[in-house]
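Coordinate analysis (summary)
Listed here are the chains, written in short residue letters.
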Amino acid sequence: MSTDDESFHPLGQEWEDELETMLDDTEYDSDLGMEMAKDAMRVTKGELSEADFHEKYHEDVMDEFGVDDRPTEEAYEEAKKNAGGFAEMLKSFDGDGDESRRDVMKKMGVGAAAVGLGAWGTAEGGQPNVADESGGHSSEAHREGDTQWGMAIDLERCDGCLSCVVACGEENNLDQGVNWMYVLDYEDAGADTSRNRLVRPCQHCTDAPCEKVCPTTARHTRDKDGLVLTDYDVCIGCRYCQVACPYGVNYFQWDEPDVSTEEIAEANDGEGDMMVDDRGRWVDSRSPRGTMSKCTMCPSRQDGFSGEEKVGTSACEDACPPDAIQFGNMRDENSDPQRYIENPSRGRALRDLGDKETTAPSLNAIEEDIADADADLASVLEASEDLDEETLRTMKAIEIVTEDFGEGDADSVDYEVHISDIFDLLEEHGLDLDSQEVLVELDLADEPDEGEEFDGADEGDAQDAIDDYDGRPSSSFKLLEDVGTNPNVVYFGNEPGPNAEQVEGPSAYADISYERADGSEPNLVDNRKEEVLDEGTVGDAGVSL
Amino acid sequence: MSTKTPSKADILRPIGTFSKKYLAVYSIAALGLIAFLIAWAYQLQKGLIVTGLGDWGTGGGATWGLYIGAFIWWVGVAHGGIILSASVRLLGMDRYMPVARIAEMTTIGGLSAAGFYILVHMGRPDRMVTSVLGHFHITVNNSPLVWDVTVITAYFVLSATYLGLTIRYDVNRLRDDLPDKFEPIYKIITFGYSEKEDEIIQRMVWWLAAAVIIMAPLLLHGGVIPWLFSLLPAMPAWTGGIQGPMFLSIALMSAISGVMIISYTFRRVYNWEHIITDDIFRGLLLWLGFFTLLFLWFQLQSVLNGVFLGPLNTAHAAEGKMAHPAYQVAMTMIFLTLVYIFLQAIRPALFSKTRALIASCAILAGTLTEKILFVVEGFFHPTFDIYSATPGTYFPSLIEILSLVGTVSLVALLFLNLAKLVPVVELHAIEHLTGGHDHEHGHEETTKTETEPEVKA
Ligand code: SF4
Ligand code: SF4
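Conventions and cut-offs
Residues numbered from 1 in each chain as written. Chains lettered and ligands numbered in written order. Predicted model: local features only at pLDDT ≥ 70, side-chain atom pairs only at ≥ 80, totals over all residues. Heavy atoms only, no water. UniProt positions renumbered as here; feature names shortened; annotations may be inferred. Domains from an automatic or database assignment. Contact = heavy atoms within 4.5 Å. Buried area = accessible area lost by both parts, 1.4 Å probe. Salt bridge = Lys/Arg side-chain N within 4 Å of Asp/Glu carboxyl O. Polar contact = N/O pair within 3.5 Å; in protein donor to acceptor, adjacent residues only side chain to side chain. Helix = DSSP H or I, 4+ residues; strand = E, 2+ residues; numbered from the N terminus. Core = buried A, V, L, I, M, F, W, Y, C linked by side-chain atoms within 4.5 Å. Buried < 20%, exposed > 50% of the residue type's maximum accessible area, 1.4 Å probe, protein only. Expected span 1.5 Å × (residues − 1).

Under an unreviewed UniProt entry, the name given to chain B is Polysulfide reductase NrfD, and the source organism is Natrialba asiatica. Recorded under Sequence similarities (unreviewed entry), the UniProt text for chain B is reproduced unchanged: "Belongs to the NrfD family." Here chain B is described in UniProt, under the heading Subcellular location (unreviewed entry), as follows: "Cell membrane".

As recorded in an unreviewed UniProt entry, chain A goes by 4Fe-4S ferredoxin and comes from Natrialba asiatica.

Thoughts on the domain arrangement of chain A
All names here are of chain A. Each assigned domain of chain A is listed with its residue range as follows: domain 1 (13-150 + 200-317 + 488-531) and domain 2 (336-470). The partner domain 2 presents 5 residues to the 6 residues of domain 1 that form the contact. Contact between domain 1 and domain 2 buries roughly 400 Å² in total, counting both sides, with carbon and sulfur atoms accounting for 70%. It is E317, V490 and F492 in domain 1 that bury the most area against domain 2; as a group they hold 76% of the surface buried on that side. Connecting domain 1 to domain 2 are 0 salt bridges. In this assembly, domain 1 and domain 2 are joined by 0 residue pairs in polar contact (both at pLDDT 80 or more).

Points about the UniProt feature "coiled-coil region" (unreviewed entry) in chain A
The residues that UniProt annotates with the feature "coiled-coil region" (unreviewed entry) are residues 363-390 of chain A. Between the end C-alpha atoms of residues 363-390 of chain A the distance is 17 Å, and the span holds 61% helix and 0% strand.

Considering the nonpolar core
Ranked by internal contacts, the top residues of the largest apolar core, which has 210 residues, are F229(B) and F379(B). For F229(B), the residues in contact, after removing those within four places along its chain, are Y240(A), W64(B), I68(B), I72(B), W238(B), F247(B), F374(B) and V375(B). Counting residues in each nonpolar core, the second largest holds 34 residues, with L377(A), A397(A), I419(A) and V440(A) among its members.

A look at helix 9 (residues 197-218) of chain B
All names here are of chain B. For helix 9, with 22 residues, the first-to-last C-alpha span of 31 Å sits near the 32 Å given by 1.5 Å per residue. Of all the positions in helix 9, only E197, D198, I201, V205, L208, A209, A210, V212 and A216 are classed as buried. Contact partners of the buried residues in helix 9: helix 3 (66-90), helix 7 (144-174), helix 10 (220-230) and helix 11 (243-270).

Put into structure tokens, the structure is as follows:
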């Protein structure tokens, strides 16, 4: 800051003038805003406590906004535990609940400016950046909150088609070789090596080493949902996060990215621009030159900018043909990944029998087929081409082992609904699937002993039927769990051992292309150094240390 | 040994003279620095893609390379330099007093070069202040990189104060013989000076030296700098407590070698045989041998802890390191130097200043190679060694190599400039060599041990 500049803000007088104009444009009192901004800077410097700041402005805020939900001194200690800090206080300015997220964001922007926290305006986007420090950098273990996005990945379902890699590149407009999502086959010791495959996104570790070492807090865990993100406006490109991450999932932007921010914004003119998240921080899509990037688990989707139906999904999950990736909230036992973790063979069978887009029996076809058939099991099965005994047994078994069948908001509930539609159809036709006769015939219940009453379906038999249908995964694991990163991706299938070494997979990276916002359709690149980076090296000697 | 008596005029000689040779050396150094500045400008314009670096993992590269290797090397030179000088003051190793200031200046030079490397290495150096300082209160709790920057800054302040205080004494006493054109600078240096402060300053310098010696193993090159690497769980080539002592030994080796080379140059140019005596070189060479021995011992410890019986990740890393030709060359070079140092200690006839110079250069080249390899090897043998692109490839690009020329030039320029401004050998050393009686101010020396006859080897 120059000495003749009387401004209180690190960005100086010019920025302040801009701020004042911005405040003038709102219905709120600019002088109050500026006054608060000045004191807020004092808070960030530690000259004034947050609680004092609150006391000082409580009345004014009441007058101006008609409401002051910011925590009082007593409540403040409590609130701090939830690590909301300023951003939370600001959110409480927003009274009515029916505003769109976008509007809240805008108001947050103004609010943030008002308290002078927008310390770093972004050069390209021009959005003020809510430096949500207290909340943004919770590197200490075990963040509170009920959302933690994560994945369950069934490696035995993955067929190595690289659709997820493509989808990620398209969603995020990545440069060639920036494989935020990566799929590899490997050789390892062990009996069954036919299915040695690994799907490797960022693990969004709860105790992320990358975050711990970052000298700037650019790499941070988002408080509300545990995503580990990089603030592209703060990152200095020291690459320490890439050094510290044990999984090798980080990709640095060594030169100007292929697709410009304008092109990305143009292609995404809906609610969000696919770059700024709901806190106003630039954390999504490919990173700008000189900063670090990695798999983000799609914050724009999670913030609802891609539509409500995309919340709780990721681009790779959507693209995976065999549904090997289950994305969702790891802290909700009814989420897709948690249901899958609880009973993986059920997850497999459910998808095969419930996904009407692909493999599931079709409702219409069954209806047509069985129209003239008798109402007993044998006749129905004979008449219907899509239904055989095994299919129906497994479908019924799924219903038997599932609590709250067909209820909830996980993606896989759609599959359950489809199965239950088929059941309804059969019931209408006159087939009682819960009757002793049918259940016994389907091997899902035992014939009662003489004189005893039929006690309904047997859960053990049901589980056996499900296990038989698609098989149980050989094991489940988290990658390098002993390093202590506390990853949020759970795998099913073979765990790569210390001697595992990548081999060629079923699909070659170079044979597959992806489409980006600028209209380009480059090929996927596996070894970025050899195929992309070496071209830019000044005096590439062609040898290596 | 020369029979000349060291005098004030001797140490003032660099300041008073101005030769064609000086100009030539100055121009070469300036060119070296400018060449790198241009290269750096090009890097800023194009991005770090101009380097030979890449992403470790699927990307087939090394995340850090020569820039970070040279950074820790320069920090080592700097740390070693100040430890050397602090030992002279603290442990009464008066014999080395004539090179103490050269060691301090080496520290300032080394730290400048290291600081420069931090900027050169980053993708967005323009954000250094906002991003790093702006979040310092949070990141200082976690990030070894922030500890590094903190300690290096603290250390720069410490060394500069230390150097400044002793220069202040000299400038005040030599003021009449110093060129008038630098008057404003001397005014600042001696601002508010009174002879009464001498004793206090002596004590302050002593305490600063004590702080340096105590901090060296704990916080400086035996702690914070190796922690940048050794605390990370997934790069077995870096982990382990041995890195602390290892780094410290390398720092001292590099600094002693650096000081020898610079001292040799000054001695030759200004005929200082009677000030920077053969005796000093013999002594320094022995110390160099001692730290080299420690270094080789630590290397042995670190590689054996892996090749013998796993664990697998450590074994892979250790095997990879030992098999590397550059590692073998560097170690052989360092080992042969050690052999020479021992032989000349047994048979003094084997000593010559040229050989000492060659030994110093070999050690500097060896430690620099070791540093760069150390950094790169980490990425080549990670615990998660599954990717076919790992180990990747890395060779410094021309721009990275030019950075070495640039930083060496930077340090050379620092010496060339300082030599014209203040004496590079402190007045105390002269007073000491002549028994402390030939200076006109004749202030009381009772607090010092200088009046005792000097012990020479
Ligand atoms: S895998 Fe873990 S350590 Fe690596 S980048 Fe992701 S969150 Fe960070
Ligand atoms: S590269 Fe960026 S995000 Fe990674 S550690 Fe450095 S400043 Fe943090």
